[in-house]
Amino acid sequence: MGHPPLEFSDCYLDSPDFRERLKCYEQELERTNKFIKEVIKDGNALIAAIRGYSSAVQKFSQTLQSFQFDFIGDTLTDDEINIAESFKEFAELLHEVELERSMMVQNASDLLIKPLENFRKEQIGFTKERKKKFEKDGEKFYSMLDRHLHLSSKKKESQLQEADLQVDRERHNFFESSLEYVYQIQEVQESKKFSIVEPVLAFLHSLFTYNNLTVELTQDFLPYKQQLQLSLQNTRNHFTSTREELEDLKKRMKEAPLTCKLPGQPTIEGYLYTQEKWALGISWVKYYCQYEKEAKTLRMTPMDQKPGAKQGTLDLTLKSCVRRKTDSIDKRFCFDIETNERSGTITLQALSEANRRLWMEAMDGKEPIYHSPITKQEEMELNEVGFKFVRKCINAVETKGITTEGVYRTVGSNIQVQKLLNAFFDPKCPGDVDLQSSDWDIKTITSSLKFYLRNLSEPVMTYKLHKELVSAAKSENLDYRLGAIHALVYKLPDKNREMLELLIRHLVNICEHSRENLMSPSNMGVIFGPTLMRAQEDTVAAMMNIKFQNIVVEILIEHFAKIYSGPPEDNTAPPIPPPRVTARRHKPITISKRPLRERPVFFGASVGESEGEYDGVPKPRSHSEKPIITRPPVRPPDPPCRTPVPQKLEQKPDLIAGAAEETPSSVVASRTKFFETASRRTSNSSSPQGRPPGDDS
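Residues numbered from 1 in each chain as written. Predicted model: local features only at pLDDT ≥ 70, side-chain atom pairs only at ≥ 80, totals over all residues. Heavy atoms only, no water.

Enquirer: Is there a simple way to think about the overall build of the chain in this case?
Expert: Helix and strand counts for the chain stand at 20 helices and six strands. Sorting the 697 residues of the chain into buried and exposed places 42% on the buried side. Long-range pairs, those at least 24 residues apart, make up 72% of the contacts in the chain with a sequence separation of at least 6. Here the chain displays about 40000 Å² of accessible surface, and carbon together with sulfur accounts for 53% of that area. (Helix = DSSP H or I, 4+ residues; strand = E, 2+ residues; numbered from the N terminus. Buried < 20%, exposed > 50% of the residue type's maximum accessible area, 1.4 Å probe, protein only. Contact = heavy atoms within 4.5 Å. Areas by Shrake-Rupley, 256 points an atom, 1.4 Å probe, with all protein chains shown as cover.)

Here is the structure:
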């Protein structure tokens with residue numbers, strides 16, 4: 001139950017009951033004063049914590065801004081450009097968030113602390129001063145009254161009249177002090193309802209407005225996040241593909257370091273012993289040999305020349321290389337070669353079994369016993385059997401596996417793959433395999449197709465055009481990328497172009513079912529980039545270009561209809577795109593340069609100020625200005641709903657004028673409209689009772 005009102009008439013009587021009721025008011029005043037002190041203390045702590053958090057975020061933003069990605073190679077992919085710019089975008093986004101927060105913190109003191117301090121000092125402090133005057137005048141009055149009552153009646157009449165006048169004067173002063181004190185303490189008791197709540201309301205509004213601005217910023221961030229996640233996933237796929245090739249290169253480097261040479265160096269070099277026939281029998285002569293795989297030239301420099309011998313360096317052209325059977329010679333680690341310059345075979349001895357394997361791999365050596373038909377040179381070309389195999393694989397995949405999740409990405413069993421290849425490429429009956437049979441699952445068929453394409457003696461897109469294709473994929477001009485690749489496709493040999501069209505058409509069909517099989521053009525590029533293209537040299541630099549091989553295949557899939565509609569007008573050189581006012585280039589994804597939303601201003605004006613006008617700018621009261629007590633609305637306006645509930649409202653004449661106003665575009669805007677509407681209602685006495693807050697919008 002609330003305090004009973006203090007009647008002004010009680011001030012004259014100054015009864016014990018009046019004093020008791022006044023004491024209750026004083027206790028409530030002291031409790032309010034203590035509460036305001038706590039609010040100011042905790043509010044300052046909250047503002048300081050927000051400032052500290054904001055400072056930490058800004059430092060974090062500066063750290064992100066200062067870092068710049070370095071990269072391997074001479075060009076970045078579009079996805080890598082997005083990733084390289086991501087930290088800068090993050091920093092700009094955090095800076096924008098902290099700019100909004102700093103505005104909120106700067107207004108926090110004016111919105112919360114200063115109004116409360118003003119109320120405590122000016123209103124409560126002024127009331128305490130009134131109390132002191134009331135107590136002082138009361139003590140003076142009752143002291144004089146006590147002396148006056150003890151005056152002797154034998155005093156002169158003039159003295160008694162003078163004493164009566166003094167008592168009446170003090171009684172009047174005490175009565176005025178009591179009236180002022182009672183008026184002031186009741187005014188504070190009533191005005192605190194809005195004078196304390198209003199600053200907290202304004203502060204919370206600014207805080208929640210900032211939080212909602214952050215929500216809107218999160219909505220703006222979502223498209224950027226999704227695009228960046230896609231770039232990250234594509235880059236991770238490229239990395240995985242490149243890593244597999246690099247691991248294979250590293251393994252081969254460990255086992256056979258001499259087979260991994262940079263351009264311009266011999267493919268393999270080292271010491272070999274040659275079997276030579278002399279007059280007195282057979283002897284083994286030591287040579288230092290250097291073999292160049294591309295030219296198939298073998299240079300042999302003798303190391304153990306006998307005195308008087310005039311044998312010099314031999315330059316031979318290799319025709320073939322075959323491992324020597326162990327039971328055909330009493331020496332170990334031997335292999336035979338045939339050259340154009342010498343008739344018959346030349347038997348060479350390596351330094352170890354591993355060394356012999358290196359030389360044979362470099363010379364495309366053959367085993368004396370055939371193990372896998374797919375490794376035979378004549379069957380690793382784009383011949384009729386190969387085309388038949390590819391068509392049968394494509395038909396099988398499109399018939400029974402085109403919607404299989406992860407088709408071509410899921411790897412089949414190596415044993416089953418070799419079994420299928422041996423059966424299909426059997427020289428006795430090549431191609432006599434039914435891939436529609438249940439004996440062959442989709443994983444085995446797709447893995448066999450990839451194995452065949454990867455083990456061709458030359459990739460489908462040829463070594464000759466490899467550098468030009470990679471260079472086209474590295475171009476920043478999107479039109480040039482497409483035009484150059486379009487032209488280079490028609491520079492392929494006829495068989496290669498036919499095979500490429502057959503495969504790309506198939507991959508387009510696969511990607512059309514990406515909802516079921518989850519295989520996009522980017523995913524297919526990662527799988528078939530190293531399959532259809534590869535560098536002639538095995539180097540780390542070549543492996544780092546695999547991501548651009550993937551992009552070439554991705555472009556072929558995405559622009560299949562255009563590329564295979566016919567050759568460009570002039571296919572002797574990659575076409576240069578027509579001049580544009582601004583060249584169509586890849587633009588990195590960004591969020592910092594997006595169109596900014598309209599920002600609602602913070603609620604800081606007092607309710608009902610400026611004759612109902614609300615400009616949204618915080619206007620703290622001065623120290624000498626008393627708070628204006630205004631009549632609250634008959635019915636408090638309802639806050640805006642998060643989820644609008646459809647209601648059938650009768651259209652009133654006074655609502656038609658407000659129907660043309662702009663509908664708030666967000667929760668923040670609607671809440672700003674709500675506070676603006678509430679402020680106007682308090683000062684507009686003509687507002688109808690019970691009118692919903694959204695009616696004027």
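Enquirer: How should I be thinking about the packing of helix α12 (residues 478-489) against helix α17 (residues 546-558) in this particular structure?
Expert: The geometry of a pair of packed helices is captured by two quantities: the angle between their axes and the separation between those axes. Relative to each other, α12 and α17 sit at 85°, their axes nearing to 11 Å. Accordingly, the angle class assigned to the pair α12 and α17 is roughly perpendicular. The segment α12 lies against α17, with R481, L482, I485 and V489 engaging V552, I555 and L556. Looking at the contact of α12 with α17 residue by residue, the class counts come to six nonpolar, no polar and one charged. (Axes fitted to C-alpha atoms, helices over the stretch in contact; angles between N-to-C directions. Parallel < 35°, antiparallel > 145°, perpendicular 65-115°, else oblique. Nonpolar A, V, L, I, M, F, W, Y, C, P; charged D, E, K, R; others polar.)

Enquirer: Explain the side chain of T235 here, please?
Expert: Within the secondary structure, T235 is located in helix α6 (residues 197-255). Residues contacting T235, with those up to four places away along its chain left out, are D79, E80 and I83.

Enquirer: In this structure, what is going on with the environment of Q58? I would like to understand it.
Expert: With respect to the helices and strands, Q58 occurs in helix α2 (residues 16-66). On the basis of relative accessibility, which here comes to 36%, the residue Q58 falls in the partly exposed class. With 40 residues separating them in the primary sequence, Q58 and E98 have C-alpha atoms 7.0 Å apart.

Enquirer: It is not clear to me how unusual backbone geometry should be interpreted in this structure. Could you clarify?
Expert: Backbone phi values are negative for most residues with the exception of glycine, while trans is the configuration of most peptide bonds. A positive phi is found at K296, a non-glycine position, where the angle reads about 55°. Residue position: K296 is located in the loop between β2 (281-292) and β3 (297-302). The phi dihedral of L518 is positive, around 60°, even though this residue is not glycine. Positionally, L518 belongs in the loop between α14 (514-517) and α15 (521-532). Look at L518 and you get partly exposed, because its relative accessible area is 41%.

Enquirer: Explain the nonpolar core to me, please; I cannot follow it from the model alone.
Expert: Across soluble globular proteins, nonpolar side chains show a tendency to be buried alongside one another. Among the nonpolar cores identified, the biggest contains 63 residues, and L500 and L532 are the most heavily contacted of them. A total of eight residues in this core trace back to one element, the largest contributor, which is helix α13 (residues 494-511). Excluding its chain neighbours within four sequence positions, the residues that come into contact with L532 are L453, P459, V460, M461, L500, L503, I504 and V553. Counting 23 residues, the second-largest nonpolar core is a separate cluster that includes Y291, L314, L318 and I337. (Core = buried A, V, L, I, M, F, W, Y, C linked by side-chain atoms within 4.5 Å.)

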